[in-house]
Amino acid sequence: MVILNNFIKILLLMLVLTGQSYANTDQYSNSSVNALINANIEPEGVVFELVEYKADAWDWAAPKIKQLIGQLKRKYPNLDIAIISHGNEQFQLTRKNLAKNQNTASLLNNLSKQGVGIHVCGVNSSWNGVSEDEYMDIVDVAVSGPAKLNDYINLGYVPIMLEM
């Protein structure tokens, strides 16, 4: 009986500790982010690139980016971060479309308040008849998404492609 009670206590302790470790584990992971953290060398900055053809990609991308930025900022608190969106998902960042998804809008507004630059592709916008003033105020419409990405890379930013 004593052995059984001790076994149950150990089992319960293991379950509690396992539960705590899952509670402290980030939901999202990215091999490039992990490599930057493990390198112990702070880069000039990080630029996240999102190119998706699903119009609702920001629904999964915004929470993922928020968490990945949190991981990077825990290691490098002063790290500069930008986001470039230049697929069909960029049109989710218009005022009209974000009004339908307040959670994504709120996440992006909070990232912007933390100094994260959010850019979309002007070429893609013009091809699709979306004007600059249709995007939410925190969005910068770059002349070209790929050119903006290259500008950041030339400044020493590490590019990180986001995938679902």
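Just above sits the structure.
Let me sum up the structure you'll find in this document. Only a predicted model underlies this, so the values are computations on that prediction, with no experimental measurement involved. Residue indices follow the written sequence of each chain, beginning from 1 at its first position. The predicted nature of this model means local features are confined to residues of pLDDT at least 70 and side-chain atom pairs, given and counted, to a pLDDT of 80 or more, with totals for whole chains, interfaces and linings taken over all residues. Derived side-chain values reflect all non-hydrogen atoms in the structure, with water molecules and hydrogen atoms excluded from consideration.

## Regarding the pattern of salt bridges
Now for step 1: A pairing counts as a salt bridge when a side-chain nitrogen of Lys or Arg comes within 4 Å of a carboxyl oxygen of Asp or Glu. Enumeration over the complete set of coordinates arrives at 1 salt bridge.
Now for step 2: When the shortest N-O distance is used, the salt bridge between R95 and D137 registers 2.4 Å. Remark: D137 occurs in the loop between α6 (122-127) and β4 (139-142) and R95 occurs in helix α4 (residues 95-98); sequence separation between them is 42 residues. Numbering of helices and strands starts at the N terminus; helices are DSSP runs of H or I of at least 4 residues and strands are runs of E of at least 2.

## Notes on a negative patch on the surface
Now for step 1: Taken together, E132, D133, E134 and D140 make up a surface patch of like negative charges.
Now for step 2: Take E132: it is sitting in the loop between α6 and β4. Put simply, a patch holds well-exposed residues, over 30% relative accessible area, that have no salt bridge, with like charges counted together within 9 Å and Val, Leu, Ile, Met, Phe, Trp or Tyr side chains within 5 Å. Note on areas: these come from Shrake-Rupley sampling with a 1.4 Å probe, and a residue is covered only by the protein chains present in the view. Charge counting follows a simple rule: Lys and Arg are positive, Asp and Glu are negative, and His as well as the terminal groups are ignored. The location of each charge is read from NZ of Lys, CZ of Arg, CG of Asp or CD of Glu.

## Overview of the packing of helix α3 (residues 58-75) against helix α5 (residues 102-113)
Now for step 1: In this analysis, axes come from line fits to C-alpha atoms, helices being fitted only over the stretch in contact, and the angle between any two N-to-C directions falls in the range 0 to 180 degrees. Taken N-terminus to C-terminus, the directions of α3 and α5 make an angle of 35°; their axes are 9 Å apart at the nearest point. The hand of the α3/α5 crossing is left-handed. Seen from α3, the contacting residues are W58, D59, A62, P63, I65, K66 and I69; seen from α5, they are T104, L107, L108 and L111.
Now for step 2: Note on residue classes: Ala, Val, Leu, Ile, Met, Phe, Trp, Tyr, Cys and Pro are nonpolar, Asp, Glu, Lys and Arg are charged, and everything else, Gly too, is polar. Looking at the contact of α3 with α5 residue by residue, the classes come out as 8 nonpolar, 1 polar and 2 charged. Should the near helix be turned anticlockwise from the far one by less than a right angle, the crossing is left-handed, and should it be turned clockwise, the crossing is right-handed. Residues are treated as being in contact if the distance between any of their heavy atoms lies within 4.5 Å.

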